[in-house]
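Residue-level structure breakdown
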Amino acid sequence: MAAATTTSPAAGRLPFSPHPNANPVRLSSRASLKTPSKPVSLHLRHLTVPSAAGAAAPYPDSFSSSIPDLLSDKPRDECGVVGIIGDPDASYLCSVALHALQHRGQEGAGIVSTHRPSSDSPVSLRSVTGLGLVSQVFQDKSKFDYLSGSAAIGHVRYSTAGSASSLANVQPFLAGYRFGQLAVAHNGNLVNYSSLRASLEDSGSIFNTSSDTEVILHLIANSNSRPLISRIVDACEALQGAYSLVFLTKNKLFAARDPYGFRPLVLGRLRRPSRAIVFASETCALDLIEADYEREVNPGEVIFVDGHDLSISSLCLMPPKPRKACIFEHIYFALPNSIVFGRAVYSSRYSFGSTLAKESPVANADVVIPVPDSGFYAALGYASHSGVPFQQGLIRSHYVGRTFIQPEQNIRDLAVRLKLAPVKGILEGKSVVVVDDSIVRGTTSSKIVRLIKDAGAREVHMRIASPPIVGSCYYGVDTPRSEELISNKMDVEGVRNAIGCDSLAFLSLESLRNLLGKEAPSYCDACFSGNYPVPPMENEADRLLAEEEE
Ligand code: SF4
């Protein structure tokens with residue numbers, strides 16, 4: 001562990017002061033990977049908030065959250081995290097920032113904030129989480145009175161590990177342990193989760209959730225190091241895979257990013273007089289709460305901010321590895337108004353489209369249309385370079401509620417038609433170039449082709465602004481198993497035939513790398529190339545085991 005810039009945080013035992021409405025579940029960890037000098041205990045809170053009547057009322061566990069996205073043949077976003085310290089409206093600002101990150105996860109949302117009832121009371125941490133969208137979980141504004149402190153962390157969840165429908169898996173996780181309270185929110189996926197968990201359970205740890213994030217809390221609780229930042233470093237050194245993390249204690253905010261920097265995490269500062277410090281998964285969250293972007297949290301870095309004076313200190317987690325930032329953030333995940341890994345997402349998508357037009361033109365095309373919304377900016381680039389007019393030949397409905405569609409396959413087929421309406425006046429009799437960001441299973445693409453042909457298009461030419469996806473992701477993006485990926489099973493002509501279009505072309509991997517220039521080696525493109533920066537051995541072993549059991 002190499003120190004970059006450090007100031008010594010005050011080491012000390014954090015007083016544990018449980019909130020009367022909390023319903024802690026005691027987790028015991030009798031021993032650990034690094035055996036502690038004495039038994040430790042970890043209390044992971046059931047997440048409760050007073051009802052209107054003031055009584056503790058858990059959020060219903062039955063809220064429908066596992067409804068597939070209506071255009072579900074896409075890799076699924078990972079999660080989004082936010083941390084704010086130094087502003088009296090921290091939890092409210094956190095919720096606004098989470099709104100900006102809603103595209104990164106729609107299954108659940110939560111905020112943990114500091115709370116001090118009076119100047120002579122101890123500070124404690126409080127939590128509100130729920131299944132559903134940020135606007136649903138925080139519809140009742142009295143929750144911000146409950147989350148009243150000047151520091152908060154937040155999370156929007158899409159499950160890449162752990163059951164999607166379980167409220168217990170919704171973050172941030174708030175735990176009590178021998179040094180006080182600690183909350184964590186995580187974006188990413190740990191490739192060695194199963195072995196870490198097995199090791200911790202063999203040593204006596206009891207887990208409350210099926211989320212990989214919980215192992216991080218156990219590892220921190222079991223570390224003998226002092227102060228907390230050293231325990232966080234100890235824990236991170238045991239983790240393999242992708243993690244962008246924010247932690248909150250009663251007076252400090254921490255942010256950490258894995259040594260490869262798979263998932264984004266940025267640092268900014270509010271323009272308000274408070275000049276509060278903000279961490280967020282994407283810069284679009286900073287923009288919405290009027291914070292200035294300052295820099296990325298570097299791969300392998302742990303930053304902590306002291307709540308008393310907002311001083312920032314930084315540690316380098318471990319010897320730096322070559323950065324492997326996820327290129328899919330630029331292809332699909334991040335909002336186009338974000339700056340991710342130092343690049344403007346809008347410009348990336350536009351250039352992917354214009355290069356695709358150069359590589360794979362369509363002779364005598366009449367119109368270029370995007371698959372909304374994911375293909376929009378690449379289609380603009382394609383149209384601009386090709387000189388073929390850009391039109392919105394598919395209109396996306398924004399009013400089909402998630403709960404309107406049930407997950408059964410026969411109804412899901414209807415979902416594309418409910419979500420996308422063809423514009424006959426644009427498509428009828430035309431040779432149409434349809435631009436999308438990616439093809440995963442191919443199921444949605446075939447429905448879109450049929451939709452456009454049914455609207456009277458003469459020819460449909462699919463152009464995909466990324467290379468064929470041939471492998472699963474093990475770093476926090478939910479992709480189907482490799483054998484379910486259509487480009488893993490067949491070549492481009494086979495895919496064209498399967499989805500029923502007149503021609504099909506993907507952006508080549510070579511062109512994608514050329515567009516990234518000298519930064520190309522610092523991006524992960526494993527789902528296109530099969531070059532996995534961290535071997536996915538554990539996941540493959542789990543998969544083979546699951547197949548054996550089937
Ligand atoms: Fe991103 Fe693909 Fe790498 Fe996963 S495998 S981190 S989706 S580029």
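Residues numbered from 1 in each chain as written. Predicted model: local features only at pLDDT ≥ 70, side-chain atom pairs only at ≥ 80, totals over all residues. Heavy atoms only, no water.

What follows is about the pattern of salt bridges. Overall, the coordinates contain 20 salt bridges when judged by the stated rule. One salt bridge in this structure joins Arg272 and Asp87, with 2.8 Å as the shortest N-O distance. Here the residue Arg272 occupies a position in the loop between β14 (266-270) and β15 (277-280), and Asp87 occupies one in the loop between β6 (79-85) and α1 (90-100), the gap between them amounting to 185 residues. Overall, Arg272 belongs to the partly exposed group, its relative accessible area being 31%. Taking the shortest distance from any N to any O, the salt bridge between Arg513 and Asp525 comes out at 2.8 Å. Linking Arg513 in helix α16 (residues 509-516) with Asp525 in the loop between β28 (523-524) and α17 (526-529), this pair joins segments that are 12 residues apart in sequence. Through salt bridges that share partners, Arg104, Arg263, Glu282 and Glu329 make up one connected network. (Salt bridge = Lys/Arg side-chain N within 4 Å of Asp/Glu carboxyl O. Helix = DSSP H or I, 4+ residues; strand = E, 2+ residues; numbered from the N terminus. Buried < 20%, exposed > 50% of the residue type's maximum accessible area, 1.4 Å probe, protein only.)

Here we come to the packing of aromatic side chains. Scanning the entire structure with this criterion turns up 16 aromatic pairs. Centre to centre, the rings of Phe262 and Tyr475 are 4.2 Å apart; their planes meet at 20°, and the pair counts as stacked. Linking Phe262 in the loop between β13 (252-257) and β14 with Tyr475 in the loop between β26 (459-464) and α14 (486-489), this pair joins segments that are 213 residues apart in sequence. Owing to a relative accessible area of 1%, Phe262 belongs among the buried residues under this scheme. Among the aromatic residues, those joined into a cluster by ring pairs are Tyr260, Phe262, Tyr474, Tyr475 and Tyr532. The ring of Tyr523 has Arg323 lying over it, and the distance from NZ or CZ to the ring centre is 4.9 Å. (Phe/Tyr/Trp six-rings, centres within 6.5 Å; stacked < 30°, edge-to-face > 60°. Lys NZ or Arg CZ within 6 Å of the ring centre and 35° of its normal.)

One rule of thumb: low pLDDT means the predicted coordinates there are not for detailed reading. Averaged over the protein, the pLDDT score is 83; the fraction of residues at 70 or greater is 79%. Counted against residues more than four places away or in other chains, residues 1-41, with its pLDDT under 50, gives 110 contacts. The low-confidence segment residues 543-550 (pLDDT under 50) makes 5 contacts with residues lying over four places distant or belonging to another chain. (pLDDT = per-residue confidence, 0-100. Contact = heavy atoms within 4.5 Å.)

Near the ligand the following residues occur: Cys326, Ile327, Phe328, Cys473, Tyr475, Val477, Cys524, Asp525, Ala526 and Cys527. Class assignment for the residues of the shell around the ligand results in 9 nonpolar, no polar and 1 charged. (Near = heavy atom within 4 Å. Nonpolar A, V, L, I, M, F, W, Y, C, P; charged D, E, K, R; others polar.)

Moving on, we come to the sheet that holds β15. Here 7 strands make up an open sheet; going across it, the order is β8-β7-β9-β6-β15-β14-β16 and the pairing antiparallel. For this open sheet the edge positions go to β8 (124-131) and β16 (291-296), each flanked by a neighbour on one side alone. Averaged over neighbouring strand pairs, the angle between their axes works out to 15° when direction is ignored. Looking at chain direction, β6 and β15 are connected through 4 bridges and run antiparallel. By the bridge assignment, Ile84 is partnered in β15 with Val278. Strand contacts of α1: β6, β7 (108-115), β9 (151-157) and β14, with the helix running at about 25° to β9, the strand carrying the most contacts. (Pairing = 2+ DSSP bridges. Axes fitted to C-alpha atoms, helices over the stretch in contact; angles between N-to-C directions.)

Glancing now at the sheet that holds β26. The 4 strands lie next to each other as β22-β25-β26-β27, forming an open sheet whose pairing is parallel. Looking at strand neighbours, the two that pair on one side only are β22 (367-370) and β27 (503-506), the edges of this open sheet. In this sheet, adjacent strand axes meet at a mean angle of 20° when their direction is disregarded. With 4 bridges joining them, β26 and β27 adopt parallel strand pairing.

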